[in-house]
Structures are given as structure tokens and as C-alpha cells.
Amino acid sequence: MKRTLKLLTTAAIMSLAVGSASAQVLFWSTQANPVEEQQKMREQVLSGFDGTVDFQPQDPGPFTTRLQAEIETGSGQIGVVGALHGDLATYVDNWADLSDIDLSGITPSPAFMDLGKLGTGEQKYLPWMQATYVMAANKKALPYLPEGADLNALTYDQLIAWAKNVAEGEGAPKFGFPAGPKGLKHRFFQGFLLPAYTGSTVTKFRSAEAETAWNVFKDLWTYTNPASTNYSFMQEPLLTGDVWIAFDHIARLADAFNQKPDDFVAFPAPAGPKGRAFMPVLAGLAIPKGAPDMAAAKDLVGYMMQPATQVATLLATNFFPVTDASLPADLPASARALGPAVTAMTSAPDALPALLPVGLGEYGGKFSQVYTDTFERIVLGGQDVRQVLDQQAEALRAIMVDANAPCWLPDAASSGPCPVD
């Protein structure tokens, strides 16, 4: 409680440096949607702003529907938009230039600031917060590590051998995967497994290397707890002991470390032949050109960039700062454990960033469904890998053409729709 009050007080003081907002600002967001995170955002982050904020996080469908409608009319009530890089890139021509927001004394990530220009000469969005996905394990699993394996530099083959050792030693499969209805399984295939074997998310979808990747995952599934098809947040089966080794978004692992900090370790995702592929999750803050009060909206964006606000956002969402904000020594156990794992992965010599989908707009859900369907057909349904990839590649190609979406990293840049070989 003392830490939270201190952060709120500091945040309130810092807000004075970014001006005063007299009007209510509608903060339309795809992030911090879980009920607990919504409450923390309102009470611990936005309460320090010198103005009134209506924070309204949304699921992707309602988020896009209203934003699209206001953009088409050229006016509306949305003041600030908080969303992932790929979502913001869809509306590049509709964002106000934020270059004049005062960032004195703040050093945002240069790479993230560059991404925020969205290929233009203007600052279309300011980076807001970042996260990614990592691995977590119960310390009981560590004695089962294959000989010579480095926890911070595992390969997929070593992960399979580890999961096999645990299953045989404990008499039950203990690897866990978020394959439930609301699990983020599609991000694993898009940003980790396939790029690690193909160096691509889209173009090499049906390649021989992709076929290898899916067969590797089928091997891993042999040692996966079958209840994984019900798991959406891996922190829960980790805490119950049903799972000893898991992959998930850092925000969905946090409770395990906070509740039992001495029981778990976090570490980078494995590497494949093309590198240690990972998906950085970057959220940004943009302002529609038709925002009802541009000054108030810019005040709010400036407030969200302040060091105290960045730290308060970390405590509320488990998303890490995008600036050089000093982190307090009394961070929750989850931040202390997950932070070094993120750093080890993103700074690894074989690191291979695979961005979230960019420029898909309303086709984002269909795009992700291709990867989910491929998983369900190959791994759960036992269908022939080559046949499934050939069929799903056609569906993927149609989506890229309909969306007219060019390639994004790690795929090579394309002048038109990202090709599917």
C-alpha cells in the first residue's frame, strides 16, 4: 500500500509538468482489458492525471468498429487511442503528429520512437509500454534438464528432451501450453516456432522448414499436459503443479511469481535453426486527427510518458516501460523474475524479432485463425502436415491479398501484399 501511494503521489506531481486538461478525455484501448487491470489503470495510473479520463478498454471487434466509424466521419469522442503497433499502423494517415509533446527529461527507446513514425516524417504514435512472451518453470523441473543445456540458451530439441525427462521421471506430462479458447497460442506459432525454423511468419508458411517446425511441435505435444486445451493463462496450472514448464505472455505468468516467488524461474524462448525468434509486444498512444480536444489529449499522452506513470503502468499491467524510467527496488517478484528473462532473450546473440502483424486491420482475426486452425488440424487432429500447410497457405494468401498488407519483420519487405510462397 505504501508503495502504491508513493507512486500515485509522484505521478500526481509529475502530471503538473505536462499541463492541465479541463475536458474529459476518452481513452480507447485494446490493452489492460482484464477487469483487475482496468481497475488498476483507473485507480493507480490515471488518477494522478490533472484532468478527467474515461478509460475504456475493448475487445478487438468493438474497438475497431467505433474507431473506424469516427475516422470515417472525421470527428468523434475518442481522444487517445492505446493499441499495439500493428493496430496503429493500419490507420497511419488518421493520426495527429505528436512531435510537439514535451518529453524533456525522458528518454524513450530510439527504436520504438522510430517505429512510432510508421514510415512517415511525423511522430504518429508515442511508445506506451512493452511486453513479450517467455518460458517459466517450476524449480522441481531443473534437475531434469538435459546434460549440458543452458536454461538461458535452450534449443527446441533440448526443450523436448527436457519435457520428456520430466514426463518419464514424474509419470505424467508436465509441459503446459496456452491452447485454451482464450490462450495466446497463435502468437507462439507466428512469433516463435515458425520464425525460429523458417526465418519467416508469412512467406515461408508452407515451406519444408515449416513442415519441420510443425513436426517438432508434434513431438513436444507428446509430453504436454492434455489439459492444455483448456489453459488460457499458464500462471494457474503452474501454481497448482499440474504444469512444471510453460510458455506464455509475461502478464499471464505474473501471478505464479508473485504468489510463489521461490518456486519458479523465467527464461528465454528456445532457438531453432534460424535463431531465437521472439515476438516483442509494443503498445503505443495515438491521437485521432478528429479528437474533440487535441490539447487535453496531448496532455494525457505526455502524462503517460512520465517516469512515475511508466512505473505505475508496469505495476498495473506487467508491461514494462518504454523509457529510461528508473525501476524501484521493491518491484513485485514477477517483475524481478521476468525482466531479466526478457532482457536475456531480446539481447541474445541469436535473437530474431518477429513483429506482431502489421497493417491487417479487420483481417487480423482471420490471419490469426489460420495459425490456430493449422495447430488444431495438425497437432490435435493428427492430419498430414504437408496437406494441411498447402491448404492453409491458400487461405493465408487470400487474407494477405484482401488486406493488401505488405510484409513485416522477419519477412523481407514487399511492395504489395506479403507473398506466400
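Quick notes on the rules
Residues numbered from 1 in each chain as written. Predicted model: local features only at pLDDT ≥ 70, side-chain atom pairs only at ≥ 80, totals over all residues. Heavy atoms only, no water. Disulfide = S-S within 2.5 Å. Helix = DSSP H or I, 4+ residues; strand = E, 2+ residues; numbered from the N terminus. Core = buried A, V, L, I, M, F, W, Y, C linked by side-chain atoms within 4.5 Å. Buried < 20%, exposed > 50% of the residue type's maximum accessible area, 1.4 Å probe, protein only. Contact = heavy atoms within 4.5 Å. Axes fitted to C-alpha atoms, helices over the stretch in contact; angles between N-to-C directions. Parallel < 35°, antiparallel > 145°, perpendicular 65-115°, else oblique. Left-handed = near helix turned anticlockwise from the far one by under 90°. Nonpolar A, V, L, I, M, F, W, Y, C, P; charged D, E, K, R; others polar. Pairing = 2+ DSSP bridges. Polar contact = N/O pair within 3.5 Å; in protein donor to acceptor, adjacent residues only side chain to side chain. Expected span 1.5 Å × (residues − 1). Arc of directions from axis to C-beta. Phe/Tyr/Trp six-rings, centres within 6.5 Å; stacked < 30°, edge-to-face > 60°.

(A) Examining the state of the cysteines more closely. Under the criterion given, the structure shown has one disulfide. The disulfide bridge from Cys407 ends at Cys418, spanning 2.0 Å between sulfur atoms. The disulfide joining Cys407 to Cys418 has a torsion of about 95° about its S-S bond and is therefore right-handed. With Cys407 in the segment after helix 15 (385-403) and Cys418 in the segment after helix 15, this residue pair connects regions lying eleven residues apart in the sequence.

(B) Seen up close, the nonpolar core. The biggest cluster of nonpolar side chains holds 147 residues, and the ones touching the most others in it are Phe27, Trp162, Phe192, Phe217, Ile245, Leu300 and Met304. Ranked by residues supplied to this core, first place goes to helix 15 with eight residues. Residue contacts for Phe27: discarding those within four places in its chain leaves Leu46, Val53, Asp54, Phe55, Gln56, Val80, Val81, Gly82, Trp128, Leu285, Leu300 and Met304.

(C) Geometry of the packing of helix 2 (residues 35-45) against helix 12 (residues 307-317). Across the interface, helix 2 lies against helix 12 with an axial gap of 9 Å and an inter-helix angle of 155°. It follows from the interaxial angle that helix 2 and helix 12 lie roughly antiparallel. Remark: the crossing between helix 2 and helix 12 carries right-handed chirality. Of the residues in helix 12, those touching helix 2 at Glu37, Lys40, Met41, Gln44 and Val45 are Thr309, Ala312, Thr313, Leu315, Ala316 and Thr317. In the contact of helix 2 with helix 12, the residues fall into five nonpolar, four polar and two charged.

(D) The arrangement of the sheet that holds strand 8 (residues 264-267) in detail. Strand order in the open sheet formed by four strands is 6-7-5-8, and the pairing between neighbours is mixed. Looking at the sheet topology across the chains shown, the edges are occupied by strand 6 (175-176) and strand 8. Inspection of the sheet shows strand 5 (residues 133-138) paired to strand 8 by four bridges, in the antiparallel sense. Bridge pairing in strand 8 places Asn138 opposite Phe264.

(E) Local environment of the side chain of Thr201. The residue Thr201 is located in the loop between helix 7 (185-198) and helix 8 (208-221) in this model. Among the polar contacts made by the side chain of Thr201, one reaches the main-chain carbonyl oxygen of Gln190 at a distance of 2.9 Å. When near neighbours in sequence (up to four residues on either side) are disregarded, Thr201 contacts Gln190, Pro195, Ala354, Phe367, Tyr371, Pro410 and Asp411.

(F) View of the sheet that holds strand 10 (residues 281-286). Judged by pairing direction, the sheet is mixed, and its five strands sit side by side in the order 2-1-3-10-4 without closing on themselves. Each edge of the open sheet is held by one strand with a lone partner, namely strand 2 (52-57) and strand 4 (126-131). When strand polarity is set aside, the average angle formed by the axes of neighbouring strands in this sheet is 20°. In terms of strand pairing, strand 3 (residues 78-84) meets strand 10 through four bridges, oriented antiparallel. Bridge pairing in strand 10 places Ala83 opposite Gly284. In the packing of helix 3 (residues 60-73) onto the sheet, the strands contacted are strand 1 (24-29) and strand 3, and the crossing angle to strand 3 comes to about 135°. Lying over the sheet, helix 11 (residues 294-304) contacts strand 1, strand 2, strand 3, strand 4 and strand 10, oriented at roughly 60° with respect to strand 1.

(G) Examining the pairing of strand 3 more closely. Where burial is concerned, most of strand 3 is hidden: seven out of the seven residues are buried. Pairing of strand 1 with strand 3, which is carried by four bridges, proceeds in the parallel orientation. Note that in strand 3 the partner of Ser29 across the bridge is Gly82.

(H) The arrangement of helix 15 in detail. In a regular helix each residue adds 1.5 Å, so 19 residues correspond to 27 Å; helix 15 covers 26 Å between its end C-alpha atoms and thus fits that length. Within helix 15 the residues assigned to the buried category are Val385, Val388, Leu389, Gln392, Ala393, Leu396, Ile399, Met400 and Ala403. All buried residues of helix 15 fall inside an arc of 135° around its axis, so they share one side. In this structure, the buried side of helix 15 is in contact with helix 8 and helix 14 (364-380). Positioned one or two residues after helix 15, Asn404 has a phi angle of 50°, which is positive.

(I) Structural detail: the packing of aromatic side chains. Inspection of the entire model under this criterion finds 30 aromatic pairs. Both rings, one in Phe177 and one in Phe188, keep their centres 5.2 Å apart while their planes meet at 75°; by these two values the pair is edge-to-face. Highlighted residues: Phe177 in the loop between strand 6 and helix 7 and Phe188 in helix 7, separated in sequence by eleven residues. Residue Phe188 is classed as buried on the basis of its relative accessible area of 4%. Each residue in the set Tyr133, Tyr156, Phe177, Phe188, Phe189, Phe192, Tyr197, Trp214, Phe217, Trp221, Phe247 and Phe375 is aromatic and connected to the rest through ring pairs, giving one cluster.

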